[in-house]
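The lines below spell out each chain.
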Amino acid sequence: MEAPPCRQLGELQPEQEHSSSPVVGLSLCDSAPLLWRIQDLKTVRSSGLVGALLGALPRTPRQNIRLGRPLLLLPEEERLLRERHSAAALPARNQDAVGTELQQRYEEEEQRSYEEQSILALEDRRSALLRAMTSSSGSESGVGSDEALQGRLLALGQNFTFPRSALAVQLSTARAGLSHCQEARAFLQADWPIREQDSPRREARYQVFRDLRERGFFLTSAGKFGGDFLVYPGDPLRFHAHFIAVCLTLDESICMLDVLCVARLGSNVKKTVLLCSPAPGGLVHYTSLQWSGMV
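Residues numbered from 1 in each chain as written. Predicted model: local features only at pLDDT ≥ 70, side-chain atom pairs only at ≥ 80, totals over all residues. Heavy atoms only, no water.

Asker: So what exactly am I meant to see when it comes to the nonpolar core here?
Answerer: The nonpolar side chains of soluble globular proteins are, as a tendency, buried together. By size, the foremost hydrophobic cluster in this structure holds 24 residues, and its most contacted members are Leu35, Val44, Leu81, Phe209 and Phe229. Elements with a minimum of two residues in this core: strand S1 (24–29), helix H2 (38–46), helix H3 (75–83), helix H8 (200–214), strand S7 (229–232), strand S8 (243–247) and strand S9 (272–278). The element contributing the most residues to this core is H8, with four residues. When residues no more than four places from it in sequence are discounted, the contact partners of Val44 are Val24, Leu35, Leu49, Leu71 and Leu81. (Core = buried A, V, L, I, M, F, W, Y, C linked by side-chain atoms within 4.5 Å. Buried < 20%, exposed > 50% of the residue type's maximum accessible area, 1.4 Å probe, protein only. Helix = DSSP H or I, 4+ residues; strand = E, 2+ residues; numbered from the N terminus. Contact = heavy atoms within 4.5 Å.)

In structure tokens form, the structure reads like this:
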């Protein structure tokens, strides 16, 4: 899942990894910033950035209650790290060489699995013939059938062939990288300026995120609650969110019905809705909404 480094972010140099100011290494997947290294996850969490875990745990992959690496950062979290000079893109590896090595390892592992399954299938066939001989020994026609079964048992070791179509294959849950798709790699290289396009909405979100973060709040995505951010008074593992932040520009109009909807939603989930609007001077204006019933 490695990707070419971002042009806005310098490549992570060896001296940066051991500097007094920790620099986290970002890997990109279709322009989404991901953190894979344990130390990077600890670093961003200690600085108040939460992100969202995406990966499956190796021992329990078929569940989505407990997730593992990688950690997906919000665009605002990534921008804040970049402005602090605390993030850099990990150097891109040679995807072609990595892909060839992975393919060779896969073919070797598949051949080893085929040989093991061939032995198991042969033993299973022998066990079936022995059971058939045991069950037919008590019947009147058991002598003739025993001789036939013994002949099949002796010839089994020489004539048995395990078909490859019956091979049980474990499907890989890891992404093979971008070496298999040149179009995806080219699109990824062109995606950074697209993702960095300025827009009033994006700038308002970041100004609100930075201001709340400087005030000591923890923020996560609030897509499930109809807002931009969930605002926590402390670590989300210890506290419930107190606010739903909705980011608006100062000159942006909002329908009264939308205000009523988000206020009612905030009341149902026991949270206060904040309308957040950055001002030109760098200040952010906050307006709290609480549902008090219909008049």
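Asker: Teacher, can you tell me more about H8 here?
Answerer: In an α-helix there are 3.6 residues to a turn, and that puts residues three or four apart on one side. If you check H8, its first and last C-alpha atoms are 21 Å apart, about what 15 residues at 1.5 Å a residue would give, namely 21 Å. Listed in full, the buried residues belonging to H8 are Ala204, Arg205, Tyr206, Gln207, Val208, Phe209, Asp211, Leu212 and Arg213. Elements that come into contact with the buried residues of H8 comprise H3, strand S6 (218–221), S7, S8, S9 and strand S10 (284–289). Positive backbone phi, at 95°, marks Gly216, one or two positions downstream of H8. (Expected span 1.5 Å × (residues − 1).)

Asker: Just to check I follow, could you spell out unusual backbone geometry for this structure?
Answerer: Keep in mind that most residues, glycine aside, have a negative phi and that most peptide bonds are trans. The omega angle of the peptide bond from Arg69 to Pro70 is 10°, so this bond is cis rather than trans. Residue placement: Pro70 occurs in strand S4 (residues 67–72). Despite not being glycine, His85 shows a phi value in the positive range, around 60°. Mapped onto the secondary structure, His85 falls in the loop between H3 and strand S5 (87–89). The class for His85 is exposed, based on a relative accessible area of 65%. Residues other than glycine seldom take positive phi values, yet Lys270 does so here, at roughly 60°. Among the secondary structure elements, Lys270 is positioned in the loop between helix H9 (256–268) and S9. By relative accessible area, which is 74% here, Lys270 ends up exposed.

Asker: Before we go on, may I ask you to explain the pattern of salt bridges in this structure?
Answerer: When the charged atoms of two side chains lie near each other, side chains of opposite charge can form a pair. Taken as a whole, this structure holds 13 salt bridges when the rule is applied. Where Arg37 meets Asp40, a salt bridge forms, and the shortest distance between an N and an O atom there is 2.8 Å. Taking the shortest distance from any N to any O, the salt bridge between Arg210 and Glu83 comes out at 3.5 Å. On the criterion of sequence distance, the pair formed by Arg210 in helix H8 and Glu83 in helix H3 is long-range, its members being 127 residues apart. Overall, Arg210 belongs to the partly exposed group, its relative accessible area being 27%. For Glu83, a relative accessible area of 37% gives the class partly exposed. A single network of salt bridges, built from pairs that share partners, joins Glu76, Arg201, Arg205 and Asp228. (Salt bridge = Lys/Arg side-chain N within 4 Å of Asp/Glu carboxyl O.)

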